[in-house]
Amino acid sequence: MSRELAQALGEARKESGENLTQQFRLIFDNQRAGSKEQNESLRAFGEVVRATMQDLNALQREKFAQLTQRQDELVKNTEARLEKIRETVDEKLQKTLETRLGQSFELVSNQLQAVQKGLGEMQSLANGVGDLKRVLTNVKSRGILGEYQLQALLENMLAPDQYILNAAVNGTRDRVEFAVKMPGQDETVLLPMDSKFPQESYLRLVDAYDMADKAAIEFCRQELIKAVKKSAAEIQGKYIHPPATTDFAILFLPVESLYAEILREPGLAQQIQQDFKVIVTGPTTLSAILNSLQMGFRTLAIQKRSSEVWQVLGAVKTEFGTFAHLLEKTQRKIHEANSELDKLVGLRTRVIQKKLKDVQELPETQSKNILED
């Protein structure tokens, strides 16, 4: 058995070796055939590519030749058109230039005339500014300017009978520019208002601001504060005389920037109010104060008229009671009349219908004709 088994294994190994050799040989033959076919395919593909490239080169040379020809024709046509355009543009530019030059000369002439006219107006304005400067350099004229502005605010905010112009206070010779009539317990109390414009101190402060000199700014500001305090002291001594006037007065500064400089100093307005009983105001602040006073005047007027309104309401209530009594009597009369009318319509109508029961009715047309006759 061992010999047979060894013999069978030997034959099997021999057969397996032959099969492997045969398979390797078949694989090698297939690879050789595939390599040969691949080489032939690559050679054929290379020839096709070569032929295609030759055709493409020929077509490209042909297209380039056509493109060059068309480009030459396009350049010639463009040059011809540009020449025509240049001639047209030159002609139009010549005409436009002539037209524009004429218009420009006319415009320049008009502008020169306008400049000449403006120079005349500027000269007139300079004269007006000079006049205004002369007015502002005059203390009395500055006072009149502030007085006009204060009067305009009072006219716009209050009624004519609510303030007095150049009012005498407490029988003295001093007269305040304006005084607002304030309602008192027994008689009217006057609220003095005076306008002040310390222009010199203010302009020196403005110049110091322009030069950015801190020392000059501080010095000019103190001078302006002194001028305002001096004006407040004059108002206190001349115009505050309780009980004919209020125990305070109003100092009006006609320029907002001047009033802003006073407010810029911390506590200055409160100090002037405490020391001199004078309230410093500008145009905007005075408008607010006058508006508040006007609202107070309206409230007092409503309170004064409230008693009259109650009396009118009492009279209306009495008349309404009389009217209600008369209305009840009239209602009873109307009710009685309705009752009599119901009796008349019911009883008398039945009696008349009973009497006319035996009477024959006529046709409507014949009845209308007879009644119309």
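That block above? That's the structure.
Analysis parameters
Residues numbered from 1 in each chain as written. Predicted model: local features only at pLDDT ≥ 70, side-chain atom pairs only at ≥ 80, totals over all residues. Heavy atoms only, no water. Axes fitted to C-alpha atoms, helices over the stretch in contact; angles between N-to-C directions. Helix = DSSP H or I, 4+ residues; strand = E, 2+ residues; numbered from the N terminus. Parallel < 35°, antiparallel > 145°, perpendicular 65-115°, else oblique. Left-handed = near helix turned anticlockwise from the far one by under 90°. Contact = heavy atoms within 4.5 Å. Nonpolar A, V, L, I, M, F, W, Y, C, P; charged D, E, K, R; others polar. Salt bridge = Lys/Arg side-chain N within 4 Å of Asp/Glu carboxyl O. Buried < 20%, exposed > 50% of the residue type's maximum accessible area, 1.4 Å probe, protein only. Pairing = 2+ DSSP bridges.

Draft legend 1. Examining the packing of helix α4 (residues 214–239) against helix α6 (residues 268–276) more closely. Look at α4 against α6: their axes get within 10 Å of each other, and the N-to-C directions meet at 30°. Taken together, the axis directions place α4 and α6 in an arrangement best described as roughly parallel. Of the two possible hands of crossing, α4 and α6 adopt the one that is right-handed. Packed against α4, whose contacting residues are Ile225, Val228, Lys229, Ala232, Ala233 and Gln236, the element α6 presents Leu268, Gln271, Ile272, Asp275 and Phe276 at the interface. When its residues are assigned to classes, the contact of α4 with α6 shows seven nonpolar, two polar and two charged.

Draft legend 2. Focus on unusual backbone geometry. Residue Pro243 is reached from Pro242 by a cis peptide bond, and omega for that bond is 5°. Examined against the element boundaries, Pro243 turns out to sit in the loop between α4 and β4 (249–252). One non-glycine residue, Ala212, adopts positive backbone phi at about 55°. Mapping Ala212 onto the fold places it in the loop between α3 (199–211) and α4.

Draft legend 3. Just the pattern of salt bridges, in detail. Taken as a whole, this structure holds five salt bridges when the rule is applied. The closest approach of N and O atoms between Glu261 and Arg264, which form a salt bridge, is 3.3 Å. Pair noted here: Glu261 and Arg264 are both in helix α5 (residues 256–264), with a separation of three residues, about one helical turn. Since its relative accessible area comes to 9%, Glu261 is described here as buried. With relative accessibility at 47%, the residue Arg264 sits in the partly exposed group.

Draft legend 4. Looking closely at the pairing of strand β3 (residues 189–195). Extensive coverage of β3 is indicated by the burial of seven of its seven residues. Pairing geometry for strand β2 (residues 175–182) and β3, over five bridges, is antiparallel. Each bridged residue has a counterpart across the sheet, and for Lys181 the counterpart in β3 is Leu190. The pairing of β3 with β4 spans three bridges and is parallel. Across the sheet, residue Ser195 finds its bridge partner in β4, namely Phe252.

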